[in-house]
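Summary of structural features
Listed below are the residues making up each chain.
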Amino acid sequence: MGHPSATRALVRKVSRSLAACELRHLPRQIIDLQRAARQHEDYVRALAAAGVNVTVLPEEPALADSVFVEDPLLVLDEIAILGRSGAASREREGELIAPVIGHFRSLVRIEAPGTLEGGDVLRIGKTLFTGLSSRTNREGIEQLRRLTAPLGYEVTAVEVRGCLHLKTGATSPGSGLLLANPAWIDLSTFRHLEILAVPTDEPWGANTLSVNDRVLVAASAPKTAGLLRARGLNVHCVDISELQKAEAGLTCLSVLFAGPVVGQSGGLADHLNEVVYS
Ligand code: GLY
């Protein structure tokens, strides 16, 4: 979801079956798998350069969308919430990542008939703006509210139309600032923030990833990057063009979090392929 003081990131290697990914708002295009894997490695390096210790989980050959590791769960400073995907093909991803995040956070779950994907949750301070989308339903949002209210969070539903997740169309790259595509997101709930619209020829540009002192922007959105630089933000462009063909954004490729280990400490290595240190 982006994190102003992230110390850790989880990512998962690109699946060899990426070409069979879920697509909702894009036509299917040929994906160069090797290029996608190289771009993913560059993305990992960009996280490491931002001061994050990146844990790389192994490829899941049969799970086409498993590289989009943010979607099965939501990690807060206090707990992690295992979501339920709104796409049948992605249901198994949660069970695979649960034991990994269990090393860092206590886990609670969204239960059926609720659905909730991490890509739909934009945290700004103690508010969890949550997209009502094809992947996250009202019941999932209500359960999120009940699970997080005791921790002091407020949950605000936001209507998403025309894009996959809330963060496909809106992120907060700077304090008090919302970068958004107004065609896709109901912005009425964000009136207290300054809203910066992406250029109409860069509809996907609103998906930025804030990591510590910098803002990652997709290389396909150079005008958006320029707008953010002009505001003094420390912008770094990352090319994820092959992954974008699978309806990816910068945010959904990692789970960022901070803080001490509060789960069991042993056995994490069983889940790892490699660890890249910053
Ligand atoms: N291909 C990304 C998703 O639909 O979850």
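My aim in this report is to walk through the structure given alongside it, one point at a time.

**Section: the overall build of the chain**
Scanning the chain from N- to C-terminus turns up 6 helices and 16 strands. By the compact-globule yardstick of 19 Å for 278 residues, the chain fits well, its C-alpha radius of gyration being 17 Å. Counting only C-alpha atoms, the chain reaches 45 × 45 × 35 Å along its principal axes. By residue count, 55% of the 278 residues in the chain fall in the buried class. Within the structure as shown, the chain displays about 11200 Å² of accessible surface, and the carbon and sulfur contribution to it stands at 51%. Counting 28 positive and 31 negative side-chain charges, the chain places the averaged centre of each group 1 Å from the other.

**Thoughts on the sheet that holds strand 7 (residues 127–132)**
In space, the 3 strands of this open sheet follow the order 6-7-8, with mixed pairing throughout. Only two strands of the sheet have a single neighbouring strand rather than two, namely strand 6 (121–124) and strand 8 (154–159). When strand polarity is set aside, the average angle formed by the axes of neighbouring strands in this sheet is 25°. Alignment of strand 7 against strand 8, held across 6 bridges, turns out to be parallel. Its bridge partner being in strand 8, Leu 132 is matched across the sheet by Glu 159. Sitting on the sheet, helix 3 (residues 138–148) touches strand 6, strand 7 and strand 8, and the angle it makes with strand 7 is about 165°.

**Quick word on the environment of Leu 179**
With respect to the element layout, Leu 179 can be found in strand 10 (residues 177–180). For the pair Leu 179 and Lys 167, spaced 12 residues apart in the sequence, the C-alpha separation amounts to 9.9 Å. Sequence-distant contacts of Leu 179, defined by excluding residues within four places in its chain, comprise Gly 169, Ala 170, Thr 171, Pro 173, Leu 196, Val 198, Gly 205, Ala 206, Thr 208, Thr 224 and Leu 228.

**Here's the deal with the site of the ligand**
Inspection of the region around the ligand gives Glu 22, Asp 65, Phe 68, Arg 90, Arg 135, Leu 164 and Ala 246 as its neighbouring residues. Backbone polar atom of Glu 22 to a nitrogen atom of the ligand: 2.8 Å apart, as the coordinates give it. Between an oxygen atom of the ligand and a side-chain N or O atom of Arg 135, the distance comes to 2.7 Å. A total of 200 Å² of accessible area belongs to the ligand in isolation, and the protein chains cover 99% of it. Of the residues assigned to the shell around the ligand, the class counts are 3 nonpolar, no polar and 4 charged.

**A word on the pattern of salt bridges**
Per the counting criterion, the structure on display carries 17 salt bridges. With its nearest N and O atoms 3.1 Å apart, the salt bridge here joins Arg 135 to Glu 117. In this pair, Arg 135 sits in the loop between strand 7 and helix 3 while Glu 117 sits in the loop between strand 5 (106–109) and strand 6, placing the two residues 18 residues apart along the sequence. We classify Glu 117 as buried; its relative accessible area is 1%.

**Points about the nonpolar core**
Core analysis: the biggest nonpolar cluster contains 31 residues, and Leu 18, Leu 47 and Val 211 have the highest contact counts within it. Elements supplying a minimum of two residues to this core: strand 1 (8–12), helix 1 (33–49), strand 2 (53–57), strand 12 (209–211) and strand 13 (214–218). Element by element, the count of residues in this core is highest for helix 1, at 5 residues. Dropping the residues within four chain positions of it, Leu 18 is found in contact with Ile 31, Leu 33, Ala 36, Ala 64, Val 67, Phe 68, Leu 243 and Ala 246.

**Some details on helix 5 (residues 222–230)**
Within helix 5, the full set of buried residues consists of Thr 224, Ala 225 and Leu 228. For helix 5, the angular spread of the buried residues around the axis is 100°, confining them to a single face. Of the exposed residues in helix 5, the ones pointing more than 90 degrees away from its buried face are Pro 222 and Ala 230. Of the surrounding elements, those touching the buried residues of helix 5 are strand 9 (170–174), strand 10, strand 11 (194–197), strand 13 and strand 14 (235–238).

**Quick notes on helix 3**
All of the buried residues in helix 3 are Gly 140, Ile 141, Gln 143, Leu 144 and Thr 148. Here the buried residues of helix 3 occupy an arc of 160° about the axis, which is enough to place them on one side. With respect to the buried face of helix 3, the exposed residues turned more than 90 degrees away are Arg 138 and Arg 146. On its buried face, helix 3 sits against strand 3 (73–75), strand 4 (79–82), strand 5, strand 6, strand 7 and strand 8.

**A few points about the sheet that holds strand 5**
Across the sheet, which stays open at both edges, the 3 strands sit in the order 3-4-5 with mixed pairing between neighbours. Edge strands, defined here as strands with exactly one partner in the open sheet, are strand 3 and strand 5. Averaged over all pairs of adjacent strands, the angle between their axes in this sheet comes to 20°, without regard to strand direction. Here strand 3 pairs with strand 4 via 3 bridges, running antiparallel. Residue pairing across strands places Leu 73 opposite Leu 82, the latter belonging to strand 4. Together, strand 3, strand 4 and strand 5 form the strand contacts of helix 2 (residues 91–101), whose direction differs from that of strand 4 by roughly 170°. Each of strand 3, strand 4 and strand 5 touches helix 3; the most contacted strand, strand 4, lies at about 160° to it.

Rules used in this analysis
Residues numbered from 1 in each chain as written. Predicted model: local features only at pLDDT ≥ 70, side-chain atom pairs only at ≥ 80, totals over all residues. Heavy atoms only, no water. Helix = DSSP H or I, 4+ residues; strand = E, 2+ residues; numbered from the N terminus. Rg over C-alpha atoms; globule rule 2.2 N^0.38 Å. Buried < 20%, exposed > 50% of the residue type's maximum accessible area, 1.4 Å probe, protein only. Areas by Shrake-Rupley, 256 points an atom, 1.4 Å probe, with all protein chains shown as cover. Lys, Arg positive; Asp, Glu negative; His and termini not counted. Charge placed at Lys NZ, Arg CZ, Asp CG, Glu CD. Pairing = 2+ DSSP bridges. Axes fitted to C-alpha atoms, helices over the stretch in contact; angles between N-to-C directions. Contact = heavy atoms within 4.5 Å. Near = heavy atom within 4 Å. Polar contact = N/O pair within 3.5 Å; in protein donor to acceptor, adjacent residues only side chain to side chain. Nonpolar A, V, L, I, M, F, W, Y, C, P; charged D, E, K, R; others polar. Salt bridge = Lys/Arg side-chain N within 4 Å of Asp/Glu carboxyl O. Core = buried A, V, L, I, M, F, W, Y, C linked by side-chain atoms within 4.5 Å. Arc of directions from axis to C-beta.

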